[in-house]
Amino acid sequence: LLANLGSLTELLDPKTGKLRVAEKSCYYMRLAGGLTEQDATILEGVLDMDSVVIMAGSPEAVEANMQVSAFRRRQPDLLVLPTLTHTDVARLIAVEVEKRGYEGVGEGDVGTPQLVTVLEHIVRQRFDEKLIREKNGHLARDVLDLAISRKNDRTWADSLDSKERFRLTPTDFGLDVLTAEQRERRLQEVEAEVGALVGWGAADDVGTPRHFFATLRRQAAGKAGSGSSAGVAAVAGAAAVLHMPRALWVTANAGSGRETFVRLAARFLRACG
């Protein structure tokens, strides 16, 4: 017999307060808060009936409750489950994709190693190790649920046929995958807004915002800028490789366009992939 418990007090008779426990049963409880000494007494009573109690919780919750008297006397075994990796989360999603009747993601067909590779790329692009450590398997379920929800929305909006309806894409998983034409159009939109701003210098005036965007634009087009030794080959539909600092100081007085610059730079880089 396996019984799920919200709290150990559920094992007490509400009228008499006595313990109600079936022999040789297994009880499972998720640790959410701290246990009391009353809980400790109930726990020892369960163990005296040759029953088993399994408690699960975060490392912090388990550590906090190890000082309860019943735990100190009984010395329970402690099992530490491993934290999932990006690859593990990708494999879980791949299994669920097949279970739910979808055909795959991008070029990764169901049942092939390519599907895990595609999903792992998506997971690494979107989620850091801290979030994976906190959610583990729940993250895989949530990611797939959201992807299917996005697919359903697109099916309704774009009237997708039955074959496309059940094929997930990186876009369904939240990756902004653009065609070459879409990238170019977004870059031109940023260029137009930069060109309309006053006081941002000229495209050949080193150290000005307009020169910054002009340099990146040449790289995105596959042309080496002045003084640059690295040319970038443009590939249709592929993200551009930009040679730019990973950290950038913007010095300006209030009202001169600091937030505008950051907003436009973010849009430019997103358009470049």
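Provided above is the structure to which this section pertains.
Residues numbered from 1 in each chain as written. Predicted model: local features only at pLDDT ≥ 70, side-chain atom pairs only at ≥ 80, totals over all residues. Heavy atoms only, no water.

This next bit is on the overall build of the protein chain. When helices and strands are tallied, the protein chain shows 11 helices and five strands. Taking all 273 residues of the protein chain together, the buried fraction comes to 31%. Taking contacts inside the protein chain between residues at least 6 apart in sequence as the whole, the part at least 24 apart equals 63%. (Helix = DSSP H or I, 4+ residues; strand = E, 2+ residues; numbered from the N terminus. Buried < 20%, exposed > 50% of the residue type's maximum accessible area, 1.4 Å probe, protein only. Contact = heavy atoms within 4.5 Å.)

At 3.6 residues per turn, the α-helix brings residues three or four places apart onto the same side. Here helix H4 (residues 86-99) is 14 residues long and its end C-alpha atoms lie 20 Å apart, about the 20 Å a rise of 1.5 Å per residue gives. Of the positions making up H4, those classed as buried are His86, Val89, Ala90, Ile93, Ala94 and Val97. Buried residues of H4, seen end-on, are gathered within an arc of 140° and therefore sit on one face of the element. Of the surrounding elements, those touching the buried residues of H4 are strand E4 (104-105), helix H5 (113-126), helix H6 (129-135) and helix H7 (137-158). (Expected span 1.5 Å × (residues − 1). Arc of directions from axis to C-beta.)

The next point concerns the environment of Val52. Note on placement: Val52 falls in strand E3 (residues 52-56). The spacing of Val52 and Ser25 is 27 residues in sequence and 6.2 Å in space, taken between C-alpha atoms. Ignoring anything within four residues of it in the chain, the contact list for Val52 reads Ser25, Cys26 and Tyr27.

As defined by bridge partners, strand E2 (residues 26-30) adjoins E3 across five bridges and the pair is classed as parallel. Each residue of the ladder has a partner; that of Tyr28, found in E3, is Ile54. In this fold, E2 hands off to helix H1 (residues 37-48), which returns the chain to E3; that crossover is right-handed. (Pairing = 2+ DSSP bridges. Right-handed = clockwise from strand over helix to strand, strands pointing away.)

What follows covers the packing of aromatic side chains. Under the definition given, this model contains six aromatic pairs. Each ring, one from Phe213 and one from Phe261, has its centre 5.6 Å from the other, and the planes form 65°; the classification is edge-to-face. Of this pair, Phe213 sits in helix H10 (residues 209-220) while Phe261 sits in helix H11 (residues 258-272); the two residues are 48 residues apart in sequence, bridging distant segments of the chain. Comparing Phe213 with Phe261 shows no difference in burial state: the two are buried. Seen from their ring centres, Phe213 and Phe268 are 6.0 Å apart, and the 65° between their planes marks the pair as edge-to-face. Residue Phe213 is found in helix H10, and its partner Phe268 is found in helix H11; the two are separated by 55 residues along the sequence. As far as burial versus exposure is concerned, Phe213 and Phe268 are alike and both buried. Ring pairing ties together the aromatic residues Trp200, Phe212, Phe213, Phe261 and Phe268, which thus form one cluster. (Phe/Tyr/Trp six-rings, centres within 6.5 Å; stacked < 30°, edge-to-face > 60°.)

Before going further, it helps to examine the nonpolar core. One finds Ile93, Val105, Leu119, Leu144, Leu168 and Phe173 to be the most contacted residues of the largest nonpolar core, which totals 23 residues. Of all the secondary structure elements, the ones that give two or more residues to this core are H4, H5 and H7. Sorting elements by how many residues they give to this core places H7 first, with six residues. Setting aside anything within four residues of it in sequence, one finds Phe173 in contact with Ile93, Val105, Leu119, Ile122, Arg126, Val143, Leu144, Ala147, Arg150 and Leu168. In this structure, Ala40, Ile42, Met55 and Ala70 belong to the second largest nonpolar core, which totals 19 residues. (Core = buried A, V, L, I, M, F, W, Y, C linked by side-chain atoms within 4.5 Å.)

It is worth spelling out H10 at this point. Its 12 residues give H10 an end-to-end C-alpha distance of 17 Å, which sits within 8% of 16 Å, the value for a rise of 1.5 Å per residue. Counting buried residues along H10, 10 of its 12 residues qualify, which places the element largely inside the surrounding structure. All of the buried residues in H10 are Arg210, His211, Phe212, Phe213, Ala214, Thr215, Leu216, Arg217, Gln219 and Ala220. Against helix H9 (180-196) and H11 lie the buried residues of H10.

Strands sit in the order E1-E2-E3 across an open sheet of three strands; the sheet is parallel. This sheet does not close on itself; its edge strands, each paired only once, are strand E1 (2-5) and E3. The mean inter-strand angle of the sheet, taken between neighbouring strand axes irrespective of direction, is 20°. (Axes fitted to C-alpha atoms, helices over the stretch in contact; angles between N-to-C directions.)

The next thing to look at is the pattern of salt bridges. Using the criterion set out here, one finds 13 salt bridges in the structure. We note a salt bridge from Arg124 to Glu120, for which the minimum N-O separation is 3.0 Å. Of this pair, Arg124 and Glu120 both sit in helix H5, separated by four residues, roughly a single helical turn. Salt-bridge contacts for Arg263 lead to Glu193; the nearest nitrogen and oxygen are separated by 2.8 Å. Of the two residues, Arg263 is situated in helix H11 and Glu193 in helix H9; the sequence distance between them amounts to 70 residues. Of the residues examined, Glu193 reaches a relative accessible area of 27% and is grouped as partly exposed. Salt bridges sharing common partners tie together Glu96, Lys99, Arg100 and Asp145. (Salt bridge = Lys/Arg side-chain N within 4 Å of Asp/Glu carboxyl O.)

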